[in-house]
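Here is how the chains run, residue by residue.
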Amino acid sequence: MLVLDGKIASKAVKETLTEATKELIELGKRPPHLAAVLVGSDGASETYVASKVRTCEEIGFQSTLVRFEDTTTEEELLAKIEDLNNDNNIDGILVQLPLPKQISEQKVISKINPDKDVDGFHPISVGRLVQGMETFIPATPYGIMLMLEHFKLSTKGRHAVVIGRSNIVGRPMSILLSSNLLYGNCTVTICHSHTPNLADITRSADIIVAALGRPGFIKEDMVKEGAIVFDVGITRVDDTTAAKGYRIKGDVEYAGVSKKASAISPVPGGVGLMTIAGLMKNTMDAYNRRQK
Ligand code: GUN
């Protein structure tokens, strides 16, 4: 059984980006610059944004963290995005989701200049993805594709079952795995909360991407012998023995499922690290496209 170690696969991506950034500096150019916008003080969002900013520093990118109170108005946020769109020194913009309820996520996402849309959530980016055009691929599905590539896991003709239909993970993941790509060409089934007999479907999967946000949902008896399993879940569950009072749990019951899977990504240390690697690659791509 192969552990799909995100530390190993993301390190390879980060090393390539670090080298490329060094070369830019040697040529007298500025490094890529990511702007991350965080509204409010949700603990999980704070953690994700902090690790995005930290990774920028690690590989030599510039980063700017823009913070707003959770009482911020939609107008204030849209005005800031306008500024970032017009700032020639910023290559990539991400607005951490979810946003407080007085703010329309759709309006905010649509305001980002598609050339700087490193999250790949803008309707233009999604349209380009669907049509197989060059685009920014949302970071988590991109990270999973990078993992397939890193571990050279063949996907052609396999049955991939994606559980979850979010704009952030499930939907773009299903499009990528069914696309005519080296690590695509799967027959894809996308499942969600209204899917009956889910276990019958997962039992026929060669590849499972679990992105439903229910800790420990995928059990050993739902998985076929030899399946490849990606666990996208990152739910905080109370744990009085942990220093922070919680621990992170995936959507897959690792102990049982790893007995049957041929490859499985752990939580933590799996897909989460690849998400950041995907975002960093998108930021470098945004920089390169804007230099042209
Ligand atoms: N919230 C959960 N995942 C993501 C992500 O990949 N990007 C942003 N901006 N917000 C998120």
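Structure: see above.
Quick look at the structure, then. Position numbers for residues count from 1 along each chain, tracking the sequence in the order it is written. Given that the model is predicted, a residue must reach a pLDDT of at least 70 before its local features are reported, and side-chain atom pairs must reach 80 or more before they are shown or counted; all residues, however, enter totals for whole chains, interfaces and linings. The basis for every side-chain value is the complete set of non-hydrogen atoms in the structure, without hydrogens or water.

**Topic: the environment of Val-126**
Here is step 1 of the chain: The way it works is that DSSP assigns letters per residue, a run of H or I at least four long becomes a helix, a run of E at least two long becomes a strand, and they are numbered from the N terminus. Topologically, Val-126 is positioned in helix H5 (residues 123–130).
Here is step 2 of the chain: Burial classes: relative accessible area under 20% of the type maximum marks a residue as buried, over 50% as exposed, and values in between as partly exposed (1.4 Å probe, protein chains only). A relative accessible area of 35% means that Val-126 is categorised as partly exposed.
Here is step 3 of the chain: The sequence separation of Val-126 and Met-145 amounts to 19 residues, and the corresponding C-alpha distance is 16 Å.
Here is step 4 of the chain: Setting aside residues no more than four positions away along its own chain, Val-126 makes contact with Gly-120 and Phe-121. Any pair of residues with heavy atoms lying within 4.5 Å of one another is described as a contacting pair.

**Some points on the sheet that holds strand S4 (residues 92–95)**
Here is step 1 of the chain: Strand pairing requires that DSSP identify at least two bridges connecting the strands. Taken in spatial order, the three strands line up as S3-S2-S4 in an open sheet, and their pairing is parallel. Unpaired on one side and paired on the other, strand S3 (62–68) and S4 mark the two borders of the sheet. Between one strand and the next, the sheet's axes are offset by a mean angle of 15°, whatever the strand orientation.
Here is step 2 of the chain: As judged from the four bridges shared by strand S2 (residues 33–39) and S4, these two strands associate in the parallel manner. From the neighbouring strand, Val-37 faces S4, where its bridge partner is Val-95. Structural elements are reduced to axes, namely lines fitted to C-alpha atoms, with helices fitted over the stretch in contact, and the angle between N-to-C directions of any two is expressed from 0 to 180 degrees.

**As for the sheet that holds strand S1 (residues 2–3)**
Here is step 1 of the chain: Across the sheet, which stays open at both edges, the six strands sit in the order S1-S11-S8-S7-S5-S6 with parallel pairing between neighbours. The strands lining the two open edges of the sheet, one partner per strand, are S1 and strand S6 (187–191).
Here is step 2 of the chain: Across four bridges, strand S5 (residues 159–163) lies against strand S7 (residues 207–210) in parallel orientation. In the sheet register, Ala-160 faces S7, and the bridge partner there is Ile-207.

**Observations concerning the site of the ligand**
Here is step 1 of the chain: Around the ligand sit Lys-52, Leu-94, Val-95, Gln-96, Leu-97, Asp-119, Phe-121 and Ile-168, and that is every residue in its neighbourhood.
Here is step 2 of the chain: In this structure, a nitrogen atom belonging to the ligand sits 2.8 Å away from a main-chain N or O atom of Val-95.
Here is step 3 of the chain: Think of a polar contact as two N or O atoms within 3.5 Å of one another; within protein, one of them needs to be a possible hydrogen donor and the other a possible acceptor, and neighboring residues in sequence only count if both atoms come from side chains. Measuring from a nitrogen atom of the ligand, one finds a side-chain N or O atom of Gln-96 at 3.4 Å.
Here is step 4 of the chain: Calculation on the ligand without its partners gives an accessible area of 280 Å², and the protein chains cover 84% of this total.
Here is step 5 of the chain: Think of it as three bins: nonpolar holds Ala, Val, Leu, Ile, Met, Phe, Trp, Tyr, Cys and Pro, charged holds Asp, Glu, Lys and Arg, and polar takes everything else, Gly as well. Taken together, the residues of the shell around the ligand sort by class into five nonpolar, one polar and two charged. Throughout, near means a residue has at least one heavy atom within 4 Å of the molecule or strand. Here the open area of atoms and residues is found with the Shrake-Rupley method and a 1.4 Å probe, where only the protein chains shown may cover a residue.

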